[in-house]
Amino acid sequence: MSHRDAQIDGGVSKKLFCGICEASCGLVATVVGGEVVKLRPDPEHPNSRGFACSKGIAFPAVRVDPDRVLQPLRREPDGSFAPVSWDVALDDIGRRLRAVIKSHGRESIGVYLGNPNGWNYGAFLSLIGLCAALKTKHFYGATSVDINNYWAVGQLLYGNNLANPVPDLHRTDFFLCIGANPVISHGSMINVGRVRETMLGIVERGGRVVVVDPRRTETAELFEHLPIRPSGDVWLLAAMLKVIFDERLQDRRALEQMTRGHETLPMLVRGIDLDRAARETGISVERITNLARDFAAAPSASVYGRCGASLGPYATLAKYLIDALNIATGNLDRPGGWCFGRPMLDTEKLTALLKLSGYDRWRTRVDGIPEVFGTSPMATLPREIRTPGPGQLRAMVIASGNPVTSGPASGQIEQTLQELDLLVSLDPYITETSRLAHYVLPPALWLEREGMPIFTQSHSAVPYAQWVPATVPPPKEVREDWWIIDQISKRIGVVPSAAPGAQLLGRLGIRPKPSLLVDMVLRVGPEGDLFGLRRRGLSRKKLIANPGGIKLADGLPTAVLRERVHHKDRRVHLDHPVITAEMDRLLASPERDDPDYPLRLFSVRELRSQNSWMHNVPKLMAADRVQRLRIHPQDADELGIDDGDEVEIASRHGRIIAPARVSDEVMRGSVGLPQGWGHRGGWRRAVAAGGSTYNLLTTNAPSEVDVPTGNAVFNGVAVRVRPLVTAKEES
Amino acid sequence: MPYVIAAPCVADYSCVEVCPVDCIHPTPDEAGFEQAEQMYINPAECIDCEACVEACPVDAIFAADELPERWLQYAEINIGYFESNGRG
């Protein structure tokens, strides 16, 4: 097909991978005269094997979007933006940052790293490097929305934030999937090509897939669906672990051989009352018990939880319990169980070398929240801007981030970002966030720069290596993020690198590109060519010559625990005071819901949306898609809500409006709403799509987020819903 | 012999746009489009023009008698969509 396409279009086929979501699907681009005329799935890609979704295929529209920012923009006093040259923009940014440093110190400059940097190793390393060079604790990111719990547990259990085992779906007999919708999301913290087919394959070979979710999701519809109240997951996991220890179903040998501190596990869940767990989850004691027994009895099994299990007030405890269940049933590091990936680039060693990996080495200035992966959580951002004193946040660079939509208590983020002395945004669009910036600087898109999937390559079900050249050159006045960050850094006298000796080299005028560091780590790493000593090994040059990717193995490795655990004793550490404290906090939490806000809100992922963007692509907005609140027919009936009615959704923190979709896809007592709507700024189609900001309903109070990590709480938010007509009459 | 949409479909709906007889559903303005994981061809209306095959970005559409072995059941799946939606 691609051969015929090339003939018809007179174009050239180029292989690459999709930089939109964690599936990182292999793609083939047809390029004609410097333009990408189409993107198609690559049937030869080792992991995605010919799969791609409608978002990836539609992406060339972003490149040529009439609303795309194509030159540096300076915000004028009236709020409009005026194009300026790179020199004018960068020099003024440098001058203003120097002024901030002079009056407040380097540590008053902050950085925000948005999700798309996970496919942009140059930006990722430069942003980390800038923070390291500034010695600032104001390093924020989308990670503190839904993944700080993973990073913290990775460090505690396995000794590195990025040491995160994945479920071995190709071989498992029992997949317990909690708060994840892989058929729609295509996987997060797992990277399984053709994930829908792979999951169906588990059932076809006689295994089971149980999907635990408040909503009968597109994934749940295909398998056994176990509805659960939003934020009930931590109770389910703890109760299952208790059943396993009470009934002596644990794998003692595995616990003794692989771990340290396993004797504390039964003590940890001792206080769990199964009857309360049943009330908290909406799942009967009998079903919880049977699920635990079946899970323990399966020849191989893995429990995995993603956003649903990561957006509650006990996200770190929930993630710990997920790993504990896998470990206690002997499923860690065995075929069909909970396995370590085989990354092409050892990001665990890399982040350890850069002193990035870690947990609770320091705490945030205002709220005293433990750092995770060298970062502060977004929950504290508004207070770090508003609270005077040494280290007060005064200037920020936001890279591919939209915290005005995606951050907790987003109204406060929007207000306080405007109080900064300087805000710089690297973004292809004028978004609700970048419109607040003094400068918007246009970065190259993934089609326009060299790429290596630095974040997702550790989670691939089929381990592979890929490094692709730019498919097409960027527009004339558009620059790569790492270059922009380096130029800003130059103007304040630092090198944006966390590598040892980088600042010293910088003083000698040597500023190596991020690709050099990554190539070095690759070449001396487990898959590297050792600079020629290992003939079959990898290097950047070799991979770029094979842009379709190179398969490293047919499946996930097993029996590699001792190589993959970073603790000195090579054992998984299970005994942690912070986990015990979280269990105490859970057990002490009041059981009764707030009668004024009786429903529990949770977030819904949609096929044609990606976090807070992609709503400006015509093809993805067909049929005038709108954001809708899913509500159960009985709840709707009691509240006098008909399908399509505008309703007010109110929490203790704010209120928004959305049309209702009355559907029994959600369980009674819970309501589901997609995030990432309610845009403002210069992306006209996204703005015209309307909708409301989910995060006006959420909080950033340090006692109400995930306490050990500051991770946001977007699920299980107590809300009340009423028809808008009634709401108007009363107010 | 009508055409059939099989497993690779990503509901990109390029086929819907090119179909001269509007036999591919759900269309973007129909209920169920937002959740649709794939599109379906109504065999009673398909005129075998092959326009959708050309338009499909993921090579998901086949003549019914040329369906790959592993996706044979999709002929029934396409028919089933119209029966259950009362459009047959």
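Bear in mind the structure is a predicted one, so any value in this text is a computation, not a measurement.

Helix and strand content of chain A: 29 helices and 28 strands. On C-alpha atoms alone, chain A measures out to a radius of gyration of 25 Å, which is about the 27 Å that the 2.2 N^0.38 rule sets for 731 residues. With the C-alpha coordinates of chain A rotated into their principal frame, the extents come out at 75 × 65 × 60 Å. In chain A, which comprises 731 residues, the proportion classed as buried is 61%. Considering only residue pairs separated by 6 or more positions, chain A has 75% of its internal contacts joining residues 24 or more positions apart.

A few words now on the overall build of chain B. If you tally the helices and strands in chain B, you get 3 helices and 4 strands. Listing the helices and strands of chain B from first to last along the sequence gives β-α-β-β-α-β-α. Against the compact-globule benchmark of 12 Å for 88 residues, chain B has a radius of gyration of 11 Å, which places it among compact chains. Expressed along its principal axes, the backbone C-alpha trace of chain B runs to roughly 30 × 25 × 20 Å. Relative to its 88 residues, chain B shows a buried fraction of 38%. For chain B, the share of sequence-separated contacts (at least 6 apart) that also reach a separation of at least 24 residues comes to 76%.

Looking now at the interface of chain A and chain B. Listed by partner, the interface residues are 15 residues for chain A and 15 residues for chain B. Those elements that place two or more of their residues in the side of chain A that touches chain B are β3 (35–41) and α2 (54–58) of chain A. When grouped by side-chain class, the residues that make up the side of chain A that touches chain B number 9 nonpolar, 2 polar and 4 charged.

Looking now at the nonpolar core. Residue and element names in this part refer to chain A. Grouped together as the largest cluster of nonpolar side chains are 257 residues, with contacts concentrated most on M240, L241 and L321. The element contributing the most residues to this core is helix α5 (residues 121–134), with 11 residues. When near neighbours in sequence (up to four residues on either side) are disregarded, M240 contacts I288, L291, A292, F295 and L325.

On to the sheet that holds β3 of chain A. Residues and elements named next belong to chain A. Spatially, β1-β2-β3 is the arrangement adopted by the 3 strands of the open sheet, whose pairing is antiparallel. Every other strand in the sheet has two partners, leaving β1 (12–17) and β3 as the edge strands with one partner each. Ignoring strand direction, the axes of neighbouring strands in this sheet form an average angle of 30°. Bridge count for β1 against strand β2 (residues 26–32) is 6 bridges, and the pairing is antiparallel. Bridge pairing in β2 places K15 opposite V28.

On any regular strand, side chains alternate: one points to one face of the sheet, the next to the other face. Residues and elements named next belong to chain A. Counting buried residues in strand β23 (residues 599–604) gives 6 out of 6 residues, a clear majority hidden from the surface. Bridge analysis of β23 against strand β28 (residues 717–723) gives 3 bridges, and the strand direction is antiparallel. Bridge pairing in β28 links L599 to V719. Bridge count for β23 against strand β27 (residues 670–674) is 5 bridges, and the pairing is parallel. Paired with S603 across the bridge in β27 is L673.

What follows covers the environment of V209 of chain A. Residue and element names in this part refer to chain A. Note that V209 resides in strand β10 (residues 208–212). For V209, a count of 21 C-beta atoms within 10 Å gives the class buried. Discounting residues that sit within four places of it in the chain, V209 has contacts with F175, C177, M199, I202, V203, F223 and E224.

This part covers the domain arrangement of chain A. Residue and element names in this part refer to chain A. Here chain A is described as being made up of domain 1 (2–58), domain 2 (73–147 + 345–551), domain 3 (166–339) and domain 4 (592–730). Placing a centre on the C-alpha atoms of domain 2 and another on those of domain 4 gives a separation of 31 Å. Contacts between the two partners involve 28 residues from domain 2 and, on the opposite side, 26 residues from domain 4. Looking at the side of domain 2 that touches domain 4, the elements with two or more residues in it are α6 (143–146), β16 (370–372), α19 (403–406) and α20 (410–417).

What follows deals with the confidence of the model for chain B. All names here are of chain B. Residues at a pLDDT of 70 or more form 97% of chain B, whose mean pLDDT is 88. Averaged pLDDT values for the elements of chain B fall to 90 in helix α1 (residues 14–18) and rise to 96 in strand β1 (residues 3–5). Both scores are available for the predicted complex, with the pTM at 0.94 and the ipTM at 0.77.

Turning our attention to the packing of helix α4 (residues 86–104) of chain A against helix α21 (residues 481–491) of chain A. Residues and elements named next belong to chain A. Packing of α4 against α21 leaves a shortest axis separation of 8 Å and a crossing angle of 45°. In terms of orientation, α4 lies oblique with respect to α21. Crossing angle aside, the handedness with which α4 passes α21 is right-handed. Of α21, the residues touching α4 (which contributes L90, D91, I93 and G94) are Q487, I488 and R491.

Let us look at the sheet that holds strand β13 (residues 302–305) of chain A. Residues and elements named next belong to chain A. One open sheet holds the 4 strands; their spatial order is β11-β10-β9-β13, and the pairing between them is parallel. The open sheet is flanked by β11 (224–226) and β13, the only strands paired with a single partner. Neighbour to neighbour, the strand axes of the sheet diverge by 20° on average, direction disregarded.

Moving on to the pairing of strand β26 (residues 655–662) of chain A. Residues and elements named next belong to chain A. Note that strand β24 (residues 629–631) and β26 share 3 bridges and pair parallel. What sits directly across from L629, in β26, is A660. With 5 bridges joining them, strand β25 (residues 646–651) and β26 adopt antiparallel strand pairing. Bridging from a neighbouring strand, E646 pairs with P659 of β26. Hairpin remark: β25 followed by β26, antiparallel, with 3 residues in the connecting loop.

Turning next to helix α23 (residues 514–524) of chain A. Listed in full, the buried residues belonging to α23 of chain A are P514, L517, V518, D519, L522 and R523 of chain A. Residues of α23 of chain A that are buried make contact with α5, α21 and α24 (540–544) of chain A.

Look at the link from H25 of chain B to P26 of chain B: it is a cis peptide, with omega at -5°. Looking at where P26 of chain B falls in the secondary structure, it is placed in the loop between β2 (24–25) and β3 (40–41). Residue M189 of chain A is not a glycine yet carries a positive backbone phi of 60°. In this fold, M189 of chain A is placed in the loop between α8 (182–185) and α9 (195–204).

Residue and element names in this part refer to chain A. Residue classification places M189 among the buried residues on the basis of 23 C-beta atoms within 10 Å. Taking C-alpha positions, M189 is 19 Å from H566, a pair spaced 377 residues apart along the chain. In this view, M189 contacts Y150, N164, V166, R306 and H459; residues no more than four positions away in its chain are not counted.

Parameters and conventions
Residues numbered from 1 in each chain as written. Chains lettered and ligands numbered in written order. Predicted model: local features only at pLDDT ≥ 70, side-chain atom pairs only at ≥ 80, totals over all residues. Helix = DSSP H or I, 4+ residues; strand = E, 2+ residues; numbered from the N terminus. Rg over C-alpha atoms; globule rule 2.2 N^0.38 Å. Buried ≥ 20, exposed ≤ 12 C-beta atoms within 10 Å, placed from the backbone. Contact = placed C-beta atoms within 7 Å. Nonpolar A, V, L, I, M, F, W, Y, C, P; charged D, E, K, R; others polar. Core = buried A, V, L, I, M, F, W, Y, C linked by C-beta atoms within 7 Å. Pairing = 2+ DSSP bridges. Axes fitted to C-alpha atoms, helices over the stretch in contact; angles between N-to-C directions. Domains from an automatic or database assignment. pLDDT = per-residue confidence, 0-100. Parallel < 35°, antiparallel > 145°, perpendicular 65-115°, else oblique. Left-handed = near helix turned anticlockwise from the far one by under 90°.

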